[in-house]
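So you can see what is in the structure, the chains are spelled out below.
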Amino acid sequence: MAFPKRVRLVEVGPRDGLQNEPNPIDTATKLELIDRLGAAGIGYIEAASFVSPKWVPQMADHREVMTGLTRRQGVTYAALTPNLKGLEAALECGVEEVAVFGAASEAFSQKNINCSVAESLERFAPVLERAREANVRVRGYVSCVLGCPYEGEIAPAKVAEVSKALFDMGCYEVSLGDTIGVGTPLAAKRMIEAVSRDIPMEKLAAHFHDTYGQALANLYAVLEEGISVVDSSVAGLGGCPYAKGASGNVASEDVVYLLNGLGIETGIDLNKLAETGTWITQTIGRPNRSKVGVALAAK
């Protein structure tokens, strides 16, 4: 299949990338990161997570972040809302779009959100219903689509089943996450083929972590299949507290460099994006995991 002409990048760095940092990150830094990403041309930014501060202390300032944003025209500022309480709080802050997250693995679902896959889907039903009432779109996430730290390999049919449930429930788009980054290109293709039998390809997104260094290869593989939405994190920030050894998401800078090389439009200024990656990693004292970012900084 031919590559898409344009790819929409979903920047998950401010939420997914920062939520597991061990040291507190002040609200002003998060707001500046979000603003810099918007200035670089990122059109969709996951800005906050409305979860319990007890479980995710780094996201305790979600209200301050969502209400303190300098909103740029044409940029969507989304938030993760795993339950009705989180959604109501997000709506009070003027959120434009929200996301819910499930898993293709029963064991991971229990570790991550303390319930079975079926129970998690039941919990999302009132969230989707309330979001519809508020005219807020909902994006769905499926974790562990190419492997689980507890169950090992995950059958593509199981990924398709959970994805279809989220799509049928009302999620306008389903993001397929290789949470522990164990996937390889052939496995990624087979998984996408299975899911796209039930959901149109244009309603799917790829969310690949780079633990085993396969994220870009996997993205290339699913771009060939027709995927045109990619989740990424500036400087490769992130990880997963419930998956030992899992590294961050694929770096946004590396993805944009790849897409530029393929002649695929993104509307993103790579140099500005790389400068943002250098700035945030220096600010929070973390290594820059973007190969492209490090290379450009060395010029």
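Each remark here, short or long, concerns the structure printed above.
Everything numeric here is computed off the predicted structure, so don't read it as measured data. Residue positions within a chain follow its written sequence, with the count starting from 1. Only residues with pLDDT of at least 70 get local features here, since the model is predicted, and only at 80 or more are side-chain atom pairs given and counted; chain-wide, interface and lining totals rely on the full set of residues. With hydrogens and water set aside, each side-chain value is computed from the structure's full complement of heavy atoms.

Colleague: I'd like to hear about the overall build of the protein, residue by residue, with values.
Modeller: In terms of helices and strands, the protein carries 12 helices and 8 strands. Relative to a compact globule of 299 residues, whose C-alpha radius of gyration would be 19 Å, the protein shows 17 Å and is just as compact. Referenced to the eigenvectors of the C-alpha coordinate spread, the extents of the protein come out at roughly 50 × 45 × 35 Å. Within the protein, the proportion of its 299 residues that are buried is 57%. The way it works is that DSSP assigns letters per residue, a run of H or I at least four long becomes a helix, a run of E at least two long becomes a strand, and they are numbered from the N terminus. Here the globule rule is a power law, 2.2 Å times the number of residues to the power 0.38, and the radius of gyration is based on C-alpha atoms. Buried, partly exposed and exposed residues are distinguished by accessible area as a fraction of the type maximum, computed with a 1.4 Å probe on protein chains only: under 20%, between the cut-offs, and over 50%, respectively.

Colleague: Could you give an account of the pattern of salt bridges, naming the residues involved and the relevant values?
Modeller: Put simply, a salt bridge is a Lys or Arg side-chain nitrogen that is within 4 Å of an Asp or Glu carboxyl oxygen. Within this structure, the stated rule accounts for 19 salt bridges. A salt bridge links Glu46 to Arg15; the shortest N-O distance between them is 2.5 Å. Here the residue Glu46 occupies a position in strand β2 (residues 44-49), and Arg15 occupies one in helix α1 (residues 13-17), the gap between them amounting to 31 residues. Both residues of the pair, Glu46 and Arg15, count as buried. Put simply, Lys30 and Asp61 hold a salt bridge, and the shortest N to O gap is 2.8 Å. Of the two residues, Lys30 is situated in helix α2 (residues 27-39) and Asp61 in the loop between β2 and α3 (62-68); the sequence distance between them amounts to 31 residues. The buried category is assigned to Lys30, whose relative accessible area is 3%. The buried category is assigned to Asp61, whose relative accessible area is 11%. Overlapping salt bridges, with partners in common, bring together Arg8, Arg139, Glu173 and Asp231 in one network.

Colleague: I'd like a rundown of unusual backbone geometry, residues and numbers included.
Modeller: In this structure, Asn135 is a non-glycine residue whose phi angle is positive, near 55°. On the secondary structure map, Asn135 appears in the loop between α6 (117-133) and β5 (137-143). What makes Asn135 exposed here is its relative accessible area of 72%. Of note in the backbone geometry, Cys144 takes a positive phi value of approximately 60° without being a glycine.

Colleague: Give a description of the sheet that holds strand β6 (residues 173-178) that names residues and reports values.
Modeller: The 8 strands lie next to each other as β1-β2-β3-β4-β5-β6-β7-β8, forming a closed barrel whose pairing is parallel. Strand after strand, the sheet turns through a mean of 25° between neighbouring axes, direction not considered. Bridge count between strand β7 (residues 204-208) and strand β8 (residues 229-232): 2 bridges; the pairing is parallel. Note on β8: the bridge partner recorded for His207 is Asp231. Here, residues are in contact when the closest pair of their heavy atoms is within 4.5 Å. Where helices are involved, their axes are fitted lines through C-alpha atoms of the stretch in contact, as for all axes, and angles between N-to-C directions lie from 0 to 180°. Its contacts with the sheet place helix α9 (residues 215-225) against β6, β7 and β8, and it is angled at close to 165° to β7. Sitting on the sheet, helix α10 (residues 252-261) is in contact with β1 (8-11) and β8, with an inclination near 175° to β1. Only strands joined by at least two bridges in the DSSP assignment are considered to pair.

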